[in-house]
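Listed below, chain by chain, are the residues.
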Amino acid sequence: MTGPQQRPSGAERPTGAERPTGAEQPTGREQLSGPEQAGGVERPVGPEQAAGSEQAGGSEPVGGVRRSGLRNPDKAVRGLGAGTMSLEALVLLLAIQPIRVVGGDLSGAAIGAIVALAVACVVLAGMMRRPWAWHAGTVIQGLLLLSGLLHWSLFALGVMFALVWAYALHVRRVILG
């Protein structure tokens, strides 16, 4: 067995047959050597460094302030909204039978309201790219709370999903500003 392989330092990068294979490949970060190594600080090696997106002394991008570590914060927030709406639609549709069995007096109007709200949630999940979809999602939560007049369990679901939607709006505000 041989000792650990030494990595080339600075500008000396392995090429061709010298490149490590398998588990020995670098993970996208290299440790600096010499005066740049201040307590084992690692700097990214890749498009971030090559493009010069960081200032000399800070971690903020040159082009503007980036509030989160996400590559595409808009897309992440849209995914959160779409996921929340999709989950709400699924829970509403799956709740019909247990409500009928346990609650007993689930009317046709209540079932129609549940199906209509579920369809609206699915449509909004696909429309999260539009800014008005977030407002429409808030309206959906209010309608679900109002459907509690048809059956008490719909009010309970409305409270739960209103809290989940309020948290999604909070995350959106924190990430996007």
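As recorded by an unreviewed UniProt entry, the chain carries the name DUF4233 domain-containing protein and is attributed to Micromonospora aurantiaca.

The next point concerns the overall build of the chain. Across its full length, the chain carries 5 helices and 2 strands. Listing each helix as α and each strand as β along the chain from the N terminus yields β-β-α-α-α-α-α. The burial tally for the chain puts 23% of its 177 residues in the buried class. Contacts in the chain between residues at least 24 apart in sequence constitute 54% of all its contacts with a sequence separation of at least 6. A total accessible area of about 12100 Å² is found for the chain, and carbon and sulfur atoms account for 61% of it.

Moving on to helix 5 (residues 152-176). Spanning 25 residues, helix 5 covers 36 Å between terminal C-alpha atoms, matching the ideal 36 Å at 1.5 Å per step. When helix 5 is considered as a whole, its buried residues turn out to be S153, L154, L157, G158, F161, W165, A168 and V171. At the exit of helix 5 stands G177, carrying a positive phi of roughly 85°.

Contact geometry for helix 3 (residues 108-126) and helix 4 (residues 132-146): axes closest at 10 Å, N-to-C directions at 165°. Between helix 3 and helix 4, the interaxial angle falls into the category roughly antiparallel. Here helix 3 and helix 4 pass one another in a crossing that is left-handed. Residues L117, A120, C121 and L124 of helix 3 form the contact with helix 4, whose own contacting residues are W132, A133, A136, G137, I140, L143 and L144. For the contact of helix 3 with helix 4, the class distribution of residues is 10 nonpolar, 1 polar and no charged.

Looking at the secondary structure, you find S153 in helix 5. Residue classification places S153 among the buried positions, given a relative accessible area of 10%. In this structure, the C-alpha to C-alpha distance between S153 and I99, residues 54 residues apart in sequence, is 7.2 Å. Looking at S153, its side chain comes within polar contact range of the side chain of H151, at 2.6 Å.

Looking now at the nonpolar core. Judged by nonpolar contacts, the single largest core of 25 residues is most densely connected at M85, L92, L124, M128, L154 and L157. At the level of elements, helix 2 (73-103), helix 3, helix 4 and helix 5 are the ones that each hand at least two residues to this core. Element by element, the count of residues in this core is highest for helix 2, at 8 residues. The contacts of M128, once residues within four sequence positions are left out, are R78, G81, A82, M85, A133, W134 and W165.

Moving on to the UniProt feature "transmembrane region" (unreviewed entry) in the chain. Following the UniProt record, one finds the feature "transmembrane region" (unreviewed entry) at residues 108-127 and 139-168. Across residues 108-127, helical content stands at 95% and strand content at 0%; the span's end C-alpha atoms are separated by 29 Å. End C-alpha atoms of residues 139-168 are separated by 14 Å, and the span's content is 83% helix alongside 0% strand.

It is worth spelling out the packing of helix 4 against helix 5 at this point. Their axes nearest at 8 Å, the elements helix 4 and helix 5 cross at an angle of 160°. It follows from the interaxial angle that helix 4 and helix 5 lie roughly antiparallel. Here helix 4 runs over helix 5; the crossing is left-handed. Taken together, the residues of helix 5 that come into contact with helix 4 (itself represented by W134, G137, T138, Q141, L144 and L145) are L154, F155, L157, G158, V159, F161, A162, W165, A168, L169 and R172. A per-class count over the contact of helix 4 with helix 5 returns 12 nonpolar, 4 polar and 1 charged.

Procedures and definitions
Residues numbered from 1 in each chain as written. Predicted model: local features only at pLDDT ≥ 70, side-chain atom pairs only at ≥ 80, totals over all residues. Heavy atoms only, no water. Helix = DSSP H or I, 4+ residues; strand = E, 2+ residues; numbered from the N terminus. Buried < 20%, exposed > 50% of the residue type's maximum accessible area, 1.4 Å probe, protein only. Contact = heavy atoms within 4.5 Å. Areas by Shrake-Rupley, 256 points an atom, 1.4 Å probe, with all protein chains shown as cover. Expected span 1.5 Å × (residues − 1). Axes fitted to C-alpha atoms, helices over the stretch in contact; angles between N-to-C directions. Parallel < 35°, antiparallel > 145°, perpendicular 65-115°, else oblique. Left-handed = near helix turned anticlockwise from the far one by under 90°. Nonpolar A, V, L, I, M, F, W, Y, C, P; charged D, E, K, R; others polar. Polar contact = N/O pair within 3.5 Å; in protein donor to acceptor, adjacent residues only side chain to side chain. Core = buried A, V, L, I, M, F, W, Y, C linked by side-chain atoms within 4.5 Å. UniProt positions renumbered as here; feature names shortened; annotations may be inferred.

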